[in-house]
Amino acid sequence: MPAFNNPAHPLQAVLRVLLPLRCLVCGDRGHDDLDLCRACLADLPWSGRACLRCALPLPDTALIVCSSCREEAPPQAATHASLLYLPPVDQLLVRFKFHQDLAAGRLLVQLMLRAAPPWSCPPLAPVPLHNRRLRQRGYNQAAELCRLLPMPVWHGLCRRRHTAPQSERSAEQRRENLFDAFDVRGPVPARLTVVDDVMTTGSTVMEIAETLRLAGADEVRVWVCARVP
C-alpha cells in the first residue's frame, strides 16, 4: 500500500484536521479513520458464518458448505464476502457503481480489508467490463476496488461479448447470458483471486472461474465486497 494511503502517514493526520471525516451514510463525524460514524459502523452487516464455496450465509451448525454446493460444487475453490448486500452497504455500492462516488468505493475497500479472506490472496483478477459498458460507466468498479487494495493485480481477463444486464434475470437466464462471455489474454497465474463488488447468484464468478481453469489456472478463489443473502 502506498505510504500516503497509510493512516499513520503524517500527511493523513494533517488532512484529518483540515478535512474531518464525515459519515457517508448519515453525515455525522467519521470514526476510527473511516468516513463512517460510530453508530453506522456498529450497524454494518458483516458476512459472518458462510458457505466456504459460495459465501451464502449458513445457520449456526457444524456445516462449512451449503447443500447446493455439496450437490454440485462450483468451479471456484472458495468464495469470501466481506459484507452482506443489506443497508447501508447496498446504498454505498450503488453510489460507487452507478454514480461515480469514489469516496464510497474507498470506504468499501477499507471495510473489505477489515474482513479480508482467511487465505493469503494471490494476484487479484478484477471482473472485467465489456468496452461498450466501460465507455458508458466511465470506469470498472471491480478494477477500482483492486487498484485500492494493497495486493498485486493481474489484468489478463477480458469480456469478449457485450452481455445484457444481469439485474432482472433469473439464475438460469444469468448463466445463459454469460456463457462464453469471458476470455483470457496471456499466461494465466496458477492461483488467482477474482474480485467483484457484488455477488448475487454467482453466475458471473462461476463463469470466470471456469474460463480461468480451462486456460490453465490450478486454483481460483473469489473475494467480493458484498454477497446478496
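Residues numbered from 1 in each chain as written. Predicted model: local features only at pLDDT ≥ 70, side-chain atom pairs only at ≥ 80, totals over all residues. Heavy atoms only, no water.

> Any chance you could explain the pattern of salt bridges here in plain terms?
One pass over the structure, following the stated rule, counts six salt bridges. Put simply, Asp-197 and Lys-97 hold a salt bridge, and the shortest N to O gap is 3.6 Å. Of this pair, Asp-197 sits in strand β5 (residues 191-199) while Lys-97 sits in helix α4 (residues 89-98), and the two are 100 residues apart along the sequence. Arg-160 is paired through a salt bridge with Asp-183; the nearest N and O atoms lie 3.7 Å apart. Remark: Asp-183 occurs in strand β4 (residues 182-184) and Arg-160 occurs in the loop between β3 (157-159) and α8 (171-178); sequence separation between them is 23 residues. (Salt bridge = Lys/Arg side-chain N within 4 Å of Asp/Glu carboxyl O. Helix = DSSP H or I, 4+ residues; strand = E, 2+ residues; numbered from the N terminus.)

> Explanation requested: the sheet that holds strand β6 (residues 219-227) in the structure shown.
Each strand in a sheet pairs with its neighbour through backbone hydrogen bonds, running either in the same direction (parallel) or in the opposite one (antiparallel). If you trace the four strands from one edge of the open sheet to the other, you get β1-β6-β5-β2, paired in parallel fashion. Strands at the two margins of the open sheet, each flanked by one partner only, are β1 (78-84) and β2 (124-126). Across the sheet, the axes of successive neighbouring strands diverge by a mean angle of 25 degrees, strand direction being ignored. Note: β1 against β6, six bridges, orientation parallel. For Ala-78, the partnering residue across the bridge sits in β6 and is Arg-221. Against the sheet, helix α5 (residues 102-114) makes contact with β1 and β6, and its axis sits at roughly 120 degrees relative to β6, the strand it touches most. (Pairing = 2+ DSSP bridges. Axes fitted to C-alpha atoms, helices over the stretch in contact; angles between N-to-C directions. Contact = heavy atoms within 4.5 Å.)

> Just checking my understanding: could you explain the packing of α5 against helix α7 (residues 141-148) for this structure?
Geometry of a packed helix pair, given as the angle between the helix axes and the separation of the axes. The contact between α5 and α7 brings their axes to 10 Å, and the two run at 60 degrees. Taken together, the axes of α5 and α7 are oblique relative to one another. By crossing handedness, the relation of α5 to α7 is classed as right-handed. Across the interface between the two elements, Leu-102, Gly-105, Arg-106, Val-109 and Met-112 of α5 pack against Glu-144, Leu-145 and Leu-148 of α7. Among the residues making up the contact of α5 with α7, the classes are represented as five nonpolar, one polar and two charged. (Parallel < 35°, antiparallel > 145°, perpendicular 65-115°, else oblique. Left-handed = near helix turned anticlockwise from the far one by under 90°. Nonpolar A, V, L, I, M, F, W, Y, C, P; charged D, E, K, R; others polar.)

> Help me understand the confidence of the model for the chain, please; the structure alone is not making it clear to me.
Any region with low pLDDT has predicted coordinates that should not be read closely. Across the chain, the average pLDDT comes to 87, with 83% of residues at 70 or higher. When the criterion is pLDDT under 50, residues 1-9 qualifies, and its contacts beyond four places in sequence or with other chains add up to 13 contacts. (pLDDT = per-residue confidence, 0-100.)

> Can you walk me through α7 in this structure?
Since one α-helical turn is 3.6 residues long, residues separated by three or four positions face the same way. Restricting attention to buried positions, one finds in α7 the residues Gln-141, Ala-142, Glu-144, Leu-145 and Cys-146. Of the surrounding secondary structure, the elements contacted by the buried residues of α7 are α4, α5, β2, α6 (131-137) and β5. The N-capping residue of α7, defined by a side-chain oxygen 3.0 Å from the backbone nitrogen of Ala-142, is Asn-140. (Buried < 20%, exposed > 50% of the residue type's maximum accessible area, 1.4 Å probe, protein only. Polar contact = N/O pair within 3.5 Å; in protein donor to acceptor, adjacent residues only side chain to side chain.)

> Is there a simple way to think about unusual backbone geometry in this case?
What is expected of a backbone is that most residues other than glycine have negative phi and most peptide bonds are trans. Residue Pro-88 is bonded to the preceding Pro-87 through a cis peptide linkage, with omega at 0 degrees. On the secondary structure map, Pro-88 appears in the loop between β1 and α4. A positive phi angle, near 60 degrees, is found at Asp-33, a position not held by glycine. Given the relative accessible area of 35%, Asp-33 is considered partly exposed.

> Please clarify how the nonpolar core should be interpreted in this entry.
In globular proteins that are soluble, nonpolar side chains generally tend to be buried together. Judged by nonpolar contacts, the single largest core of 32 residues is most densely connected at Leu-36, Leu-44, Val-89, Leu-93, Leu-107, Leu-108 and Leu-111. Residue assignment for this core shows that the elements contributing at least two residues are α2 (38-42), β1, α4, α5, α7, β5 and β6. Membership of the second largest hydrophobic core comes to 22 residues, among which are Ala-125, Leu-192, Met-199 and Ala-217. (Core = buried A, V, L, I, M, F, W, Y, C linked by side-chain atoms within 4.5 Å.)

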